[in-house]
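# Overview (structure and organization)
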Amino acid sequence: MTNKNIEMQDRIIVALDVDNPELAKEMVKRCESGTRYFKVGLQLFMASYFEVVDWILDRGHKVMLDLKFFDIPETVKLAVEQVNNRGVSLATIHGNDAIIKAAMEARGDLQLLAVTVLTSFGEEDLLAMGMTQSVEDLVLFRARRALELGCDGVVSSGLEAERLRKDLGGKLLIVTPGIRPGANVCDGSDDQKRIITAGRAIATGADHVVVGRPITKAAEPLVVIEEMQQDIENSTGT
Ligand code: C5P
């Protein structure tokens, strides 16, 4: 675990993967007494542009804007300019050198995270693309480059967080999706392939976990948040 003094209420970032702003606001209200960090991704952003983002910020919460920018460098730079200096804490870009450099020029007050390898990707998907590296090696390679280019951190599965932390040190911000309660191995029940529990992710090096369906599809989202926070506490001894 790193020593960045991150409060428990900021550890879990709830992914608001819903198709309209009213549902998103409802979910924020149901979760906000337990967590104050929310992720707006492609689906919700397409449905509401900055309306929900500003609404969440106005309630005093933090926002991770997960649009995973991937385009020619100039276009990425111009897109980052639309997001910077408006209160968003974290934004995501794809981790190739020219894209990262362009995004860094326009970051303003934003912390930028490079996506290393999507957590829905497994070894077989890399092989199908003709890549013979292991997922872990590719994640490490991309994370090291991202850090060298000035990126604040990376999005990576919990399975790689431990090695990233060991090899790249404490400064790197590691944000980990693919969280499933009670699962240390993939049970194959959905599209995430490299999954881990919240407690284990934080204990082995992640700073934040991103959790979508286990919270948003639960009958009692707040109860799931509290159980995950308990798991984090138990796993880290904090
Ligand atoms: O529902 P689930 O917990 O799988 O949601 C994970 C969230 O994290 C989704 O919003 C997904 O877009 C995001 N994410 C991911 N893998 C990455 C980056 C982001 O699953 N590498």
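Structure's up top.
Residues numbered from 1 in each chain as written. Predicted model: local features only at pLDDT ≥ 70, side-chain atom pairs only at ≥ 80, totals over all residues. Heavy atoms only, no water.

### Observations concerning unusual backbone geometry
One non-glycine residue with positive phi stands out, namely Tyr49, at about 50°. Along the chain, the position of Tyr49 falls in the loop between α3 (42-48) and α4 (51-58). Positive phi outside glycine occurs at Lys68, with the angle close to 45°. Structurally, Lys68 is set in strand β3 (residues 62-69). (Helix = DSSP H or I, 4+ residues; strand = E, 2+ residues; numbered from the N terminus.)

### Observations concerning the packing of helix α5 (residues 73-83) against helix α6 (residues 97-105)
Two measures define how a pair of helices packs: the angle their axes make with one another and the distance between the axes. Put simply, α5 and α6 touch, their axes get as near as 8 Å, and they point 35° apart. As α5 packs across α6, the resulting crossing turns out to be right-handed. Within the contact between the two elements, α5 uses Pro73, Val76, Lys77 and Val80 and α6 uses Ala98, Ile99, Ala102, Ala103 and Glu105. Residues that form the contact of α5 with α6 fall into these classes: seven nonpolar, no polar and two charged. (Axes fitted to C-alpha atoms, helices over the stretch in contact; angles between N-to-C directions. Left-handed = near helix turned anticlockwise from the far one by under 90°. Contact = heavy atoms within 4.5 Å. Nonpolar A, V, L, I, M, F, W, Y, C, P; charged D, E, K, R; others polar.)

### Regarding the pairing of strand β8 (residues 208-211)
The side-chain alternation of β8 yields two buried faces, one formed by His208 and Val210 and the other by Val209 and Val211. By the bridge criterion, three bridges tie strand β1 (residues 12-15) to β8 in an arrangement that is parallel. Across the sheet, the residue bridging to Val14 is Val211, located in β8. Of the strand pairs in this sheet, strand β7 (residues 173-176) and β8 are connected by two bridges, and their pairing is parallel. For Val175, the partnering residue across the bridge sits in β8 and is His208. (Buried < 20%, exposed > 50% of the residue type's maximum accessible area, 1.4 Å probe, protein only. Pairing = 2+ DSSP bridges.)

### A word on the sheet that holds strand β2 (residues 37-41)
Spatially, β1-β2-β3-β4-β5-β6-β7-β8 is the arrangement adopted by the eight strands of the closed barrel, whose pairing is parallel. Shown here is a sheet whose adjacent strand axes are inclined to one another by a mean of 25°, direction ignored. With three bridges connecting them, β1 and β2 associate as parallel partners. When the bridges of β2 are listed, Val14 appears paired with Phe38.

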